[in-house]
Amino acid sequence: MNKEEFLVQISECVELGKVNKAAPFPPAMKGMDGADELTQQALNAGIEPETILNSALIAAMERVGEKFSQKKIFVPQMLISAKAMNAAMEHLKPFFQSGQVQRKGKFIIGTVSGDLHDIGKNLVAMIVEGAGWEVIDLGVDVKADKFLHAIAQHPNAIVGLSALLTTTMTNMKSIAAEIKKAYPLVKIMIGGAPVTEDFRIEIGADHFSRDPQSAVSYLNSLIA
Amino acid sequence: MSDYSIQNEGGTLFPDNDIFHADIDYILRGLGMQPGDADEYLLSLIASLIADCKPMIEARAAFIVYNSPQFNPEDNTITLCSTVLNVGKVVWQSLKHSSELALFSATCGDKIEKYSKQLMKQGQALEGLITDLIGSTMTEAIVDYLHDHIKNIAFMKGIEVSNRYSPGYCNWNVSDQHKLFSLLKNYTSGISLTDSSLMLPVKSVSGIIGLGENLKCIAYKCNICSDKNCIMRIHSTL
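Since this is a predicted model, take the numbers as computed values, not measurements.

1. A short note on helix α2 (residues 40-53) of chain B
For α2(B), which comprises 14 residues, the first-to-last C-alpha distance of 20 Å matches the rise-based estimate of 20 Å (1.5 Å per residue) to within 8%. Buried within α2(B) we find L42(B), L45(B), I46(B), L49(B), I50(B) and C53(B). Burial along α2(B) is one-sided: seen end-on, the buried residues are contained in an arc of 135°. For α2(B), the secondary structure elements touched by its buried residues are α4 (75-98) of chain A together with α1 (24-30), α4 (111-121) and α5 (125-157) of chain B.

And the structure:
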C-alpha cells in the first residue's frame, strides 16, 4: 500500500467508525483492519506521524463534524468515529510526547464544583481530543483553585466549564469570574443541559457550546 | 398563618426488576435521534446493554402523604407542617386543588451508573452514554410504577391524582430539594443529598403528586419552560 492509500484508508476508518479488526462496526467492514492497525502499519511504512494526524485523522473528524452539523449522522456515529480516531492517536502519542508532532492547542475541561455529572464533559473531551487538541480533564466537582492551577501550568489553554444542575450552574459564574480576574485573556467555554446563551452573557464567558461539535468549531476558530 | 397539614400515610415499595422496561425511544432521543434513525447495529447494541443493565436495577420507591396542604397564592408556595415549598407558578397552579399531597422518592440504585462510568473509562463512550440513558429511563419507569401505586390509593378514596413534579423542573428551584427531603422523613428510598441538592445515587427522582377530586394527569406544558433536555418534554413530544 502506498502513502496515499494508507491515508485514504485510515481516514475512511475514522469517518466510518472502524476502530480495529475485531470491531463489528460497520458491518460492511467486518474482519478488515481498522484505524488501529492501519495507523501502526502506516508508521511502520515510514509515513510521517504529522501527515497521518493532519491528512487522515483530523481531516476525517472534520468531515464527521460537518455531517453531524448537517444532521446526516448522529451522536452514536460521531462517538464511534471518535473512538476510531483515539485508537489511531494511541500510536501517535510517543510523537506528541517527543514534540515531533504538535497538537492544535490545549483544552482544560471540568465539571464545576458541587456537580458530579461527567457524561457530557467526557463526550466533549473525547470529541475535542479527536479533533486534534490536547485535553486536560480535571474531572468533576472542580473548584476555581483547581482551574487556576491548571491554567498556570498550561498558560495558553482554553477552559471549558460543565454543569448539569441549575444549582451548580451558578458556580460557573464565580469560577468564570475568578479565572477572568487572574487571567483576563483566557477564553472560557461553558456547556451543560441548563446552560443557555443568555447565561453565558450574564457570567461573562466567551462561548456557549450546545454540543461537542460546537465546542470543536469554537476551539478551531480560535486558531484559524 | 396557620398550617393544618398533617402526615397521614406512607410506604416504601421494593418492586421486582422484571416489571421495568427501558423506553427505547427515550434512549434514541437522548442520542439526538428519532426512532426511525437507528440502524440495526445500534438497536442491537441498545438491546444488549439493556440486558446487561436489567439485573443491576435496585428499584426502591417511597412516598408520604400530607393532608390539608396550605396553598399560598400570594407567592405560589405550599406549606406542609410549617415547611414552605417554593414550587413556583406552574407547579402551584397544577396542584392548588389538591386535598392531599404525596411526596415521593425513587431510585434504581447506583450499579447502572457505576457500569456507565466504567465503560466511559474504558473508552467505550457510546456504550457508556447508552447505559446512562438506560439508567434514566429505568428510573422513570420506577417512578411510573410509584405514580400508578399512588393513583390506586387515590382511586380507593374516590379521588384523582395530578401529574408529578420535581424540584429543578417546571421552574421549581432545585434548591428546594432539601426541604422536600426533610418532609419525606423516613421515605427517602435510601437517597442522600449533596449540599448542591444532587441526589445520590444520581439515578434517582423525587417530587410531589397532588391528590384531590378535581385533578387529572395532563400533558406537560413545555412551551413555558426553557429546559430543552427535560425528560417530560421528551415524553410529551412522543
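Following the structure, the description resumes.
2. Thoughts on the domain arrangement of chain A
Residues and elements named next belong to chain A. For chain A, the assigned domains are domain 1 (3-98) and domain 2 (106-223). Computed from C-alpha coordinates alone, the two centres of domain 1 and domain 2 are separated by 27 Å. At the junction of the two partners, domain 1 supplies twelve residues and domain 2 supplies ten residues. Counting each side, the surface lost to burial between domain 1 and domain 2 is near 930 Å², with a carbon and sulfur contribution of 74%. When residues of domain 1 are sorted by the area they lose upon contact with domain 2, M78, L79 and N86 head the list and together hold 39% of the total.

3. Structural notes on the sheet that holds strand β1 (residues 106-111) of chain A
Residue and element names in this part refer to chain A. Taken together, the five strands give an open sheet; going across it, the order is β2-β1-β3-β4-β5, and neighbouring strands pair in parallel fashion. Looking at the sheet topology across the chains shown, the edges are occupied by β2 (134-137) and β5 (207-208). Where β1 meets strand β3 (residues 158-162), five bridges bridge the pair, whose relative direction is parallel. By the bridge assignment for β3, G110 is matched with L161. Running at roughly 170° to β1, helix α6 (residues 144-153) makes contact with β1 and β3 of the sheet. Along the sheet, helix α7 (residues 166-182) contacts β3 and β4 (188-191); its crossing angle with β3, the most-contacted strand, is approximately 165°.

4. Side note on the sheet that holds strand β4 (residues 77-80) of chain B
Residues and elements named next belong to chain B. Strands sit in the order β3-β4-β5 across an open sheet of three strands; the sheet is antiparallel. Among the strands making up the open sheet, the edge pair consists of β3 (70-72) and β5 (83-85). Across the sheet, the mean angle separating the axes of adjacent strands is 25° when strand polarity is ignored. Pairing between β3 and β4: three bridges, direction antiparallel. Bridging across to β4, Q70 finds its partner in T79. Each of β4 and β5 is contacted by helix α6 (residues 177-184), which is oriented at about 135° to β5, the strand it contacts most.

5. Quick look at helix α3 (residues 49-69) of chain A
All names here are of chain A. Spanning 21 residues, α3 covers 28 Å between terminal C-alpha atoms, matching the ideal 30 Å at 1.5 Å per step. Bending of α3 peaks at approximately 30° at the position of I58. One or two steps after α3, the chain reaches K71, where phi turns positive at roughly 60°.

Cut-off values and rules
Here the residue index of a chain counts from 1 through its sequence in written order. Here every chain gets a letter starting at A, and every ligand a number starting at 1, in the order they are written. Residues qualify for local features only when their pLDDT is at least 70, as the model is predicted, and side-chain atom pairs are given and counted only at 80 or more; totals for whole chains, interfaces and linings, by contrast, use all residues. No hydrogens and no water enter the side-chain calculation; it runs on all heavy atoms of the structure. Under the DSSP-based scheme used, a helix requires at least four consecutive residues in state H or I and a strand at least two consecutive residues in state E, with every element numbered from the N terminus. Multiply 1.5 Å by the residue count of a helix minus one, and that product is the helix's expected span. We call a residue buried when its accessible area falls under 20% of the maximum for its residue type, exposed when it is over 50%, and partly exposed in between, using a 1.4 Å probe and counting protein chains only. To be clear, the arc concerns the directions from the helix axis to the C-beta atoms. Two residues qualify as a contact provided that any one of their heavy atoms is within 4.5 Å of a heavy atom in the partner residue. Where each domain starts and ends follows an automatic or database-derived domain assignment. Once two parts are brought into contact, the accessible area they lose, counted with a 1.4 Å probe and summed over both, makes up the buried area. At least two DSSP bridges between two strands are needed for those strands to be called paired. Note on geometry: axes are lines fitted to C-alpha atoms, helical ones only across the stretch in contact, with angles between N-to-C directions running from 0 to 180 degrees. A residue's bend is simply the angle between two axes: one fitted to the seven residues ending at it, one to the seven starting at it.

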